[in-house]
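Residue-level structural notes
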Amino acid sequence: MKKPKFGDNCPICGGELVLKVVEKLLRGGKNTAVLRVRAEVCLHCGERLYTDKTVRRFQQIRTKLERQDTASFKPLGRSFIAG
Ligand SMILES: [Zn+2]
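This report concerns the structure included in the present document. If you're wondering where the values come from, they're calculated on a predicted model, not measured in any experiment.

1. Description of the nonpolar core
Within the largest apolar cluster, 11 residues are counted, these being Val22, Leu26, Ala33, Leu35, Val37, Ala39, Val41, Tyr50, Phe58, Ile61 and Leu65. Listed by contribution, the elements that provide at least two residues to this core are strand E1 (17–28), strand E2 (31–42) and helix H1 (52–66). Sorting elements by how many residues they give to this core places E2 first, with 5 residues. Residue contacts for Ala39: discarding those within four places in its chain leaves Val18, Leu19, Lys20, Val22, Leu49 and Tyr50.

In C-alpha cells form, the structure reads like this:
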C-alpha cells in the first residue's frame with residue numbers, strides 16, 4: 001500500500017483533508033494517555049493522518065506507558081473498565 005503523505009487527499013475515500021488538533025488515546029500495558037496532536041482529518045470519512053514525527057512520538061509514549069514511566073505525564077482523572 002502506498003503510504004499517504006501530507007497534502008494528498010484521503011487515502012481511504014479520496015475526500016478532502018483538513019489540518020486539525022485532535023486528541024489521540026494511547027495505550028501501553030494497563031496505562032492510557034491522551035495526547036493532543038495535529039493531524040490531517042478527512043472531512044468525509046474521518047480518517048486521521050499523522051506525520052512520521054507524530055507517529056514516533058506515539059511509540060515513545062506507548063513505551064513509557066508500558067514501563068510505567070509516567071512521571072512526565074499529568075494525571076487526567078481515572079480510567080475505568082465498565083463491563
Ligand atoms: Zn476519507
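Still to come is the rest of the account.
2. Some remarks on the packing of aromatic side chains
The final tally for this structure, using the stated rule, is 1 aromatic pair. When the centroid spacing of 4.9 Å and the interplanar angle of 80° are considered together, the rings of Tyr50 and Phe58 count as edge-to-face. The same class applies to Tyr50 as to Phe58, namely buried.

3. Describing the sheet that holds E2
Spatially, 3 strands are ordered E1-E2-E3 in an open sheet, and the strand pairing comes out antiparallel. With partners counted over all chains shown, the strands left at the sheet margins are E1 and strand E3 (48–49), one partner each. As paired strands, E1 and E2 are joined by 12 bridges and run antiparallel to one another. Paired with Lys20 across the strands is Ala39, a residue of E2.

The rules we used
- Residues numbered from 1 in each chain as written.
- Predicted model: local features only at pLDDT ≥ 70, side-chain atom pairs only at ≥ 80, totals over all residues.
- Heavy atoms only, no water.
- Core = buried A, V, L, I, M, F, W, Y, C linked by side-chain atoms within 4.5 Å.
- Buried < 20%, exposed > 50% of the residue type's maximum accessible area, 1.4 Å probe, protein only.
- Helix = DSSP H or I, 4+ residues; strand = E, 2+ residues; numbered from the N terminus.
- Contact = heavy atoms within 4.5 Å.
- Phe/Tyr/Trp six-rings, centres within 6.5 Å; stacked < 30°, edge-to-face > 60°.
- Pairing = 2+ DSSP bridges.

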